Structure formats: structure tokens, C-alpha cells
Amino acid sequence: MAANSETDNMRNMLQFMKLIGQLKRVPRTGWVYRKVKQPESVSDHMYRMSMMALTITDRNINKEKCMKLALVHDMAECIVGDIAPADNISKAEKHRREEEAMKRLTGLLREGLREEIFDLWNEYEQQSSPEARLVKELDRLEMILQAHEYEELEQRPGGLQDFFDSTRGQFHHPEVVQLVKSLNEERAGHMAEEKKGTPEGSQSTDSQSNRPTGTS
């Protein structure tokens, strides 16, 4: 009986791993809507968030919990997809779908681990701890850092400004505030260089194609 139970546990764990593996193939919807050529996956986003959590030096924060929160906060998207504000789905309905997905996912796990992962996800959703609130800031920071990288990669300086606008006033943790400041300074410098360095020939090429400089 015990052997059969262990076999079932392993089969369920394998199914769990296959489901969360889908996150490697779920593109981040915001970039898809903005026609980014090779949009990152949800798991790409969560990986860098986890690394951000690892680098936090605030001793009043449970770094291990932050890393775990970063790893599970978008886990439900392997089933429901990445629901963006532009999809016109209410927050309540989005939460309902994701909660249902999380129950399905964690239901494949052993008791104990099941509760831990679901509770971490719920803690992030409810923003009920300093760690959850910090990870929310890391979520926003990772998004605008990625936006800046896409602007550079696709030569569209300032073209993803709305992502930066959506996070204005949303950063409060001192370390995150400093990182955002550095990012904004670097971005402003790159945009100024791009504007100053645009040759007249480039401008004429853009005018002939009827496209503003930097758009794709």
C-alpha cells in the first residue's frame, strides 16, 4: 500500500512539474500586445525576480521567503495564462481563476508542501506581509527593467513609456527606490544620446518611410 502511495505521489509530482513547465512557453502578455519581437516568458520574469530577491540586503526582510514568493506569485498562469489589464477581466474574476488554478496545482503535492505553496501565493495576493509587499515592488521593477531592455534591443527609445508611467509612485523600499533611480538615470542618458546622435541622413530615411524615429 505504501509503495503504491509513493508511486502515486511521484506521478503527481511529475504532473505538477509538467504543468509549471508550461510557464516557459507562456509569453508575457504586455509585451505581446506591444508587438515586442521575442517576448519573455512568465518563467523568465519570475527567475529574475527571484535573483532580485536574493540580492536584497535588508536584514529586516526574510530573503528566503521573498525568493519563494517570487517563484510562486505567477504560478497559476501556467493554466490561466497571463491576464493583462487590457484583457478587461475584473480583478475579482482574475483572482478567482488563479485561485482555482492554484488549488489544482497544489492538489498534486504532498500535504505540507501543498499548504506552503498555496499560502505563499495567497500571501502575495493579499499583500499581507512586508515580504509580499517587497516582492510586488520587485515585480514592477523587473517589468520596467525589461521594458528598458526592449527599448534598447528594438531601437525604440521611449517607446514603452507607459510601463514606466504605470509604476510611478509605486516604489517605497529604499533598495528598490535606488535601483529604480539608477534605471531611470541610465534610460534618460541613453535616450539623450540617441536623440543627440541621430544623423540627418537617418531623419530623412525615417521621413521617407513615414515612421517616427525609433519605432518598429
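Structure: see above.
This structure is a prediction, so every number in the text was calculated from the model and none was measured.

Visitor: Which residues make up the overall build of the protein chain, and what are the values?
Guide: Tallying secondary structure elements over the protein chain gives 11 helices and 0 strands in all. Residues classed as buried in the protein chain amount to 37% of the 216 residues present. By sequence separation, contacts in the protein chain at least 24 residues apart represent 68% of the contacts at least 6 residues apart. Within the structure as shown, the protein chain displays about 12800 Å² of accessible surface, and the carbon and sulfur contribution to it stands at 51%.

Visitor: With reference to specific residues and values, describe the nonpolar core.
Guide: Membership of the largest hydrophobic core comes to 46 residues, with the highest contact counts inside it found for Trp31, Met102, Leu141 and Ile144. Those elements that place two or more of their residues in this core are helix H1 (2-21), helix H3 (42-55), helix H4 (63-72), helix H6 (91-106), helix H7 (113-126), helix H8 (130-153), helix H9 (161-165) and helix H10 (174-197). The biggest single contributor to this core is H8, with 9 residues. Non-local contacts of Met102, meaning those with residues more than four positions away in its chain, are made with Met75, Ala76, Ile117, Phe118 and Trp121.

Visitor: Lay out the packing of H3 against H8 with the relevant residues and their values.
Guide: Axis angle and axis distance: for two packed helices, these are the angle between their axes and the distance between the axes, and together they describe the pair. Two elements in contact, H3 and H8, have axes separated by 9 Å at closest approach and are oriented at 120°. Considering their axes alone, H3 and H8 lie oblique with respect to each other. Viewed along their axes, H3 and H8 form a crossing whose handedness is right-handed. Taken together, the residues of H8 that come into contact with H3 (itself represented by His45, Arg48, Met49, Met52 and Ala53) are Val135, Leu138, Asp139, Leu141, Glu142, Leu145, Gln146 and Glu149.

Visitor: Lay out H4 in plain terms, naming residues and giving numbers.
Guide: Side chains three or four residues apart in an α-helix point the same way, a direct result of the helix having 3.6 residues per turn. Turning to H4, its buried residues number three or more, namely Cys66, Leu69, Ala70 and Val72. For H4, the secondary structure elements touched by its buried residues are H3, H7 and H8. For H4, the capping residue at the N-terminal end is Asn62, with a side-chain oxygen 3.1 Å from the backbone nitrogen of Glu64.

Visitor: So, the side chain of Gln146: which residues are in play, and what are the values?
Guide: By the secondary structure assignment, Gln146 is in helix H8. Of the residues examined, Gln146 reaches a relative accessible area of 9% and is grouped as buried. When neighbours within four sequence positions are excluded, Gln146 is seen to be in contact with Trp31, Glu40 and Arg48.

Visitor: Describe the environment of Pro157, and please don't skip the residues or the numbers.
Guide: Along the chain, the position of Pro157 falls in the loop between H8 and H9. Looking at Pro157, the relative accessible area reads 31%, which means it is partly exposed. C-alpha separation for the pair Pro157 and His190, spaced 33 residues apart in sequence, amounts to 7.9 Å.

Visitor: A description of the pattern of salt bridges should follow, citing residues and the corresponding values.
Guide: Inspection of the entire model under this criterion finds 18 salt bridges. The salt bridge partner of Lys136 is Asp139, with a shortest N-O separation of 3.9 Å. Linking Lys136 with Asp139, this pair stays in helix H8, spanning 3 residues, or about one helical turn. Via salt bridges that share partners, Glu93, Arg96, Arg97 and Glu100 belong to a single interconnected network.

Visitor: Go over the packing of aromatic side chains with me, naming the residues and quoting the values.
Guide: As enumerated under the stated definition, the model contains 3 aromatic pairs in all. When the centroid spacing of 5.1 Å and the interplanar angle of 75° are considered together, the rings of Trp31 and Tyr150 count as edge-to-face. Pair noted here: Trp31 is in helix H2 (residues 29-33) and Tyr150 is in helix H8, with a separation of 119 residues, a long-range link. Ring geometry for Phe118 against Trp121: centres 5.7 Å apart, planes inclined by 45°, an arrangement best described as tilted.

Rules of the game
Residues numbered from 1 in each chain as written. Predicted model: local features only at pLDDT ≥ 70, side-chain atom pairs only at ≥ 80, totals over all residues. Heavy atoms only, no water. Helix = DSSP H or I, 4+ residues; strand = E, 2+ residues; numbered from the N terminus. Buried < 20%, exposed > 50% of the residue type's maximum accessible area, 1.4 Å probe, protein only. Contact = heavy atoms within 4.5 Å. Areas by Shrake-Rupley, 256 points an atom, 1.4 Å probe, with all protein chains shown as cover. Core = buried A, V, L, I, M, F, W, Y, C linked by side-chain atoms within 4.5 Å. Axes fitted to C-alpha atoms, helices over the stretch in contact; angles between N-to-C directions. Parallel < 35°, antiparallel > 145°, perpendicular 65-115°, else oblique. Left-handed = near helix turned anticlockwise from the far one by under 90°. Polar contact = N/O pair within 3.5 Å; in protein donor to acceptor, adjacent residues only side chain to side chain. Salt bridge = Lys/Arg side-chain N within 4 Å of Asp/Glu carboxyl O. Phe/Tyr/Trp six-rings, centres within 6.5 Å; stacked < 30°, edge-to-face > 60°.

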